[in-house]
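Analysis of the macromolecular model
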Number of protein chains: 2
Amino acid sequence: MNDNKKEIIYILRKSEGNPVSGQEIGEKLGITRAMVWKYVRALRKEGYDIRSSPKTGYILDSCPDKIDPEMLQGILKTSLIGNDIRYYSELESTNNTAREIAMSVPEGAVVIAETQKKGRGRMGTEWQSAPGGIWISLILHPSIPLENLSKITLVAGIAVTNALRGIGVDARIKWPNDVLVNGKKICGILTEVSAEIGKVDYVVLGIGINVNVKLSGLKDEVRRNSTSIANETGKPIDRTSFLASLLYELEQQYIRFKTRKFAEIVDEWINLSDTIGRNVKVMTPTMLIEGKAVGITEKGALVVLDKNNKKHEIIAGNCRYSD
Amino acid sequence: MNDNKKEIIYILRKSEGNPVSGQEIGEKLGITRAMVWKYVRALRKEGYDIRSSPKTGYILDSCPDKIDPEMLQGILKTSLIGNDIRYYSELESTNNTAREIAMSVPEGAVVIAETQKKGRGRMGTEWQSAPGGIWISLILHPSIPLENLSKITLVAGIAVTNALRGIGVDARIKWPNDVLVNGKKICGILTEVSAEIGKVDYVVLGIGINVNVKLSGLKDEVRRNSTSIANETGKPIDRTSFLASLLYELEQQYIRFKTRKFAEIVDEWINLSDTIGRNVKVMTPTMLIEGKAVGITEKGALVVLDKNNKKHEIIAGNCRYSD
């Protein structure tokens, strides 16, 4: 977007609903009122709702629901996460793109897409990524042994849950990688790694959140178990602002992860989760384990006590609640 | 290479040093003696040493030292490993190429290059890959948790050592991923993985063996600690045949790995290795551990007993002998 158009949006935003005259805008930008009017018409075509009255001026009623990468960079309060923002209207998969560039970008780079054509969930499942969501992949270069990979998923779950609770959404983490509201899925996390023994090359943290997504557009079996921020709060929210707070939370959690004992993080995870204490059925690639979820290990594995009082430590699997 | 040229090589090989007349070759192939002579001259240009005498005929003295992928496929006794052979004169890195194709080829595919421009060792180090070596990467899709990745390196070490001993080279495994002869390195193994938690997408097993490599061409600090099969046996060997036996050994070990208890494999590894019982200095990304190597754990970690009798389990690191 050219600078004058950006400036006009900025001026109208700052004015918070009070009309600004074409003359005032023109003087600030050093252009004629006719040019201002030309830009306003162009912005309307791009989806900006700008009211105009010859007597009072222009009012910005609403912006198109797009993530604004420049605004994002402007409002980000982080030092690491989001230092490099790669924004796309559409990708096959943000995780795929992130993996392609992972070794040539600094830690903290974020890939963002408005929609994904082939969004991925865990175990090769499909992840529907319609417009209005946050579909991002964060590139990390953590110095961790491979067996500690699960911890990063837990840490991401805490960050997402904090960001959601920060805007009044009563989110809870469901092991291993979902965030739910009233039992319905609002976010999924996909953690992928590339490594040799003893050295992680990169971790790509894929996070998908239904922000303003039209739930009616989801496939039936998905829709039944899904919700969105718009659905929970009653109205759409500004995704750029929410993304900024999400990235901030991710940075806080990542710093904690690198500097604090993981046992503290486990405690917070358990507080924010609703899995511990529930009766669960966990499907792993090799077996089905039924019982009560009683804790999380140092490595991020779920501890399930079966009906014979035998403890199972499960590092990964599909978890369903059976109570 | 065209079929007639291949046939001529085949006929001369079968003849095992006895001259074959141009007339006999021409009759077998349905071409004139003049054409046979034309093909022989072309083959000489490609490096085939073919003696000719008008009275007796042609004799194949030697083949150029190149891996022959078609001969390889013909002599392979495996059912999985080597089902898909990708042969290149030169690559940046066989591991890189293998990783690019890993998700679109069946398990067991092998990438081979005569030379690598940017061969990689562990931890991002350089691996010199001059002509005359075996520089290959094997693509696997094992159903193992990430923490078991080290086992694959151990299993590969056993396979390489068996293949070398099979041709009379007294090879020993040095933890974690080297094969030595009389303390000098003849082979390095680089195991790389791509995965999400709970599901390994692929493992790429990179194996580099100095077969007929000119040691004088190696950098000084590398050459001092290196050897080759040619150096140990006194003469160059046929790399295609050796590669076939290596792939066979890899398949045997991979099948064992999938079907037998890992404790058996650990026992064999210890028998073939010279690390256990030695005084070692192991450098990990975070610390230096000195002591006696006393064993290998179920996960493939080296157990080192330090001077305070404290046991350390090290999953990855640089191991030097200090005795």
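Figured I'd write up the structure that's included with this text. (Residues numbered from 1 in each chain as written. Chains lettered and ligands numbered in written order. Predicted model: local features only at pLDDT ≥ 70, side-chain atom pairs only at ≥ 80, totals over all residues. Heavy atoms only, no water.)

What to know about the sheet that holds strand β14 (residues 318–321) of chain A
All names here are of chain A. The strand order across the open sheet formed by five strands is β13-β12-β11-β10-β14, and the pairing between neighbours is antiparallel. In this open sheet, the two edge strands, each paired with only one partner strand, are β13 (311–314) and β14. Neighbour-to-neighbour, the strand axes of this sheet turn through a mean angle of 45°, independent of strand direction. Note: strand β12 (residues 302–305) against β13, four bridges, orientation antiparallel. Looking across to β13, one finds that Val304 is bridged to His312. (Pairing = 2+ DSSP bridges. Helix = DSSP H or I, 4+ residues; strand = E, 2+ residues; numbered from the N terminus. Axes fitted to C-alpha atoms, helices over the stretch in contact; angles between N-to-C directions.)

What to know about the pairing of strand β3 (residues 85–91) of chain A
Two strands pair when backbone bridges link them, and β3 of chain A and strand β4 (residues 110–116) of chain A are joined in this way by six bridges, in the parallel orientation. Directly across from Glu90 of chain A, in β4 of chain A, lies its bridge partner Thr115 of chain A.

As for the interface of chain B and chain A
Of the residues lining the interface, 24 residues belong to chain B; the matching set on chain A comes to 24 residues. Carbon and sulfur atoms supply 57% of the area that chain B and chain A bury against each other, a total of about 1800 Å² over both sides. It is Met123, Glu196 and Ile197 of chain B that lose the most area in chain B upon contact with chain A, and together they represent 33% of the buried surface on that side. The interface formed by chain B and chain A contains two salt bridges. Joining chain B to chain A, the criterion identifies four residue pairs in polar contact (both at pLDDT 80 or more). Put simply, the parts of the chain that give the side of chain B that touches chain A at least two residues each are α6 (149–166), β8 (184–196) and β9 (199–209) of chain B. When residues in the side of chain B that touches chain A are grouped by element, the largest group, seven residues, is from β8 of chain B. (Contact = heavy atoms within 4.5 Å. Buried area = accessible area lost by both parts, 1.4 Å probe. Salt bridge = Lys/Arg side-chain N within 4 Å of Asp/Glu carboxyl O. Polar contact = N/O pair within 3.5 Å; in protein donor to acceptor, adjacent residues only side chain to side chain.)

A short note on the sheet that holds strand β10 (residues 279–283) of chain B
Residue and element names in this part refer to chain B. Within the open sheet, the five strands sit side by side as β13-β12-β11-β10-β14. Their pairing is antiparallel. Here the strands that pair on one side only, and so sit at the sheet edges, are β13 (311–314) and β14 (318–321). Taken over all neighbouring pairs, the strand axes of this sheet differ in orientation by 45° on average, direction set aside.

A few points about unusual backbone geometry
At the junction of Trp175 of chain A and Pro176 of chain A, the peptide bond is cis and its omega measures out at 0° in the coordinates. Residue position: Pro176 of chain A is located in the loop between β6 (171–174) and β7 (178–181). Here the phi dihedral of Glu16 of chain B falls at roughly 50°; this positive angle occurs in a residue that is not glycine. Mapped onto the elements of the fold, Glu16 of chain B is located in the loop between α1 (3–14) and α2 (22–29).

Re the pairing of strand β2 (residues 57–62) of chain B
Residues and elements named next belong to chain B. Here strand β1 (residues 49–53) pairs with β2 via five bridges, running antiparallel. When the sheet's bridge partners are listed, Arg51 is paired in β2 with Ile59. Between β1 and β2, which follow one another and run antiparallel, lie three residues.

Some details on a positive patch on the surface
Together, Lys38, Arg41, Arg44 and Lys45 of chain A give the surface a local cluster of positive charge. By the secondary structure assignment, Arg44 of chain A is in helix α3 (residues 33–45). (Patch = residues over 30% accessible without salt bridge, like charges linked within 9 Å, V, L, I, M, F, W, Y side chains within 5 Å. Areas by Shrake-Rupley, 256 points an atom, 1.4 Å probe, with all protein chains shown as cover. Lys, Arg positive; Asp, Glu negative; His and termini not counted. Charge placed at Lys NZ, Arg CZ, Asp CG, Glu CD.)

Quick notes on the nonpolar core
Residues Ile209 of chain A together with Ile209 of chain B are the most contacted members of the largest nonpolar core, which totals 132 residues. When neighbours within four sequence positions are excluded, Ile209 of chain A is seen to be in contact with Gly133, Ile134, Trp135, Val160, Ile186, Cys187, Ile229, Phe242 and Leu246 of chain A. (Core = buried A, V, L, I, M, F, W, Y, C linked by side-chain atoms within 4.5 Å. Buried < 20%, exposed > 50% of the residue type's maximum accessible area, 1.4 Å probe, protein only.)

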